[in-house]
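Inside the fold
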Amino acid sequence: GNSVTQMEGPVTLSEEAFLTINCTYTATGYPSLFWYVQYPGEGLQLLLKATKADDKGSNKGFEATYRKETTSFHLEKGSVQVSDSAVYFCALRKSGGSYIPTFGRGTSLIVHP
Amino acid sequence: DTAVSQTPKYLVTQMGNDKSIKCEQNLGHDTMYWYKQDSKKFLKIMFSYNNKELIINETVPNRFSPKSPDKAHLNLHINSLELGDSAVYFCASSQDRRQGNTGELFFGEGSRLTVL
């Protein structure tokens, strides 16, 4: 079956530090890959996505590249801010049909001033 | 204009009671979901529903039942509430991927259920 593995948190950084949150997946075919962010007290919202190999998704300074050879979709940001403190979820959804998305367990990011 | 809205946002109740959480989406999506998020932020799919099929996670107790009066609504009914049902419940919707889109989910803000 499909699965998504994320690095365990919390990840604690100082403001302006470089961020990487690792995500690897297992799936047949060519799924679409997503990063969702959940700010405290809110629902999840889409941060970025990529639909095919070598695609790079980007939004709000965050980036992730769809690497089929390593089945990875690592999230990166060059300089984090306190306002980036949130829980980040990696997810995949297979192409075709109404497949239920598969989510990772989430990684909590805490950014200190 | 909220895309996916849930009510109530907070719900505190006694063990053994029956309660419902309502969800509405105004995005015109044809698939809706209910997720349960525990205290460690783990998301567990409970149901997926569109006009054609209901997919139930087999680990969900049959005390939980989705009810969809129309395509824009998917309500969650819970009978005989237990302490372990305390969690945040999220409704979400998406467009069917067969229509050429990438199928990202749009989430509501969550309903925090506390069972005493």
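These lines cover the structure that appears in this document, whether it is placed above or below.

Conventions used here
- Residues numbered from 1 in each chain as written.
- Chains lettered and ligands numbered in written order.
- Predicted model: local features only at pLDDT ≥ 70, side-chain atom pairs only at ≥ 80, totals over all residues.
- Heavy atoms only, no water.
- Helix = DSSP H or I, 4+ residues; strand = E, 2+ residues; numbered from the N terminus.
- Rg over C-alpha atoms; globule rule 2.2 N^0.38 Å.
- Buried < 20%, exposed > 50% of the residue type's maximum accessible area, 1.4 Å probe, protein only.
- Contact = heavy atoms within 4.5 Å.
- Areas by Shrake-Rupley, 256 points an atom, 1.4 Å probe, with all protein chains shown as cover.
- Lys, Arg positive; Asp, Glu negative; His and termini not counted.
- Charge placed at Lys NZ, Arg CZ, Asp CG, Glu CD.
- Phe/Tyr/Trp six-rings, centres within 6.5 Å; stacked < 30°, edge-to-face > 60°.
- Pairing = 2+ DSSP bridges.
- Axes fitted to C-alpha atoms, helices over the stretch in contact; angles between N-to-C directions.

Along its length, chain B carries 0 helices and 11 strands. Taken from the N to the C terminus, the helices and strands of chain B come in the order β-β-β-β-β-β-β-β-β-β-β. For 116 residues, the compact-globule formula gives about 13 Å, and the C-alpha radius of gyration of chain B, at 14 Å, lands near that figure. Per-residue burial over chain B gives 46% buried out of 116 residues. When contacts within chain B are restricted to residue pairs at least 6 apart in sequence, long-range pairs at least 24 apart make up 55% of them. Total accessible area on chain B is roughly 5,900 Å²; 48% of this is exposed by carbon and sulfur atoms. Looking at chain B, you have 14 positive and 13 negative side-chain charges, and the mean spots of the two groups are 4 Å apart.

How two aromatic rings sit relative to each other is given by the distance of their centres and the angle of their planes. In total, this model carries 12 aromatic pairs over all chains according to the counting rule given. Measuring from centroid to centroid gives 6.0 Å for Phe34 of chain A and Tyr36 of chain A, while their planes differ by 35°, and the two rings are tilted. Per residue, the accessibility class of Phe34 of chain A equals that of Tyr36 of chain A, and both read buried. Here the aromatic rings of Phe103 of chain A and Phe107 of chain B are separated by 6.1 Å at their centres, their planes lie at 75°, and the arrangement is edge-to-face.

To continue, consider the sheet that holds strand β7 (residues 64-70) of chain B. All names here are of chain B. Pairing is antiparallel across the open sheet formed by 4 strands, whose spatial order is β1-β3-β8-β7. Two strands close off the open sheet at either side, each with one partner strand: β1 (4-7) and β7. When strand polarity is set aside, the average angle formed by the axes of neighbouring strands in this sheet is 20°. With 5 bridges joining them, β7 and strand β8 (residues 73-78) adopt antiparallel strand pairing. Among the inter-strand pairings, Pro66 is bridged to a residue of β8, identified as Leu76.

Honestly, it's all geometry; don't read function into it.
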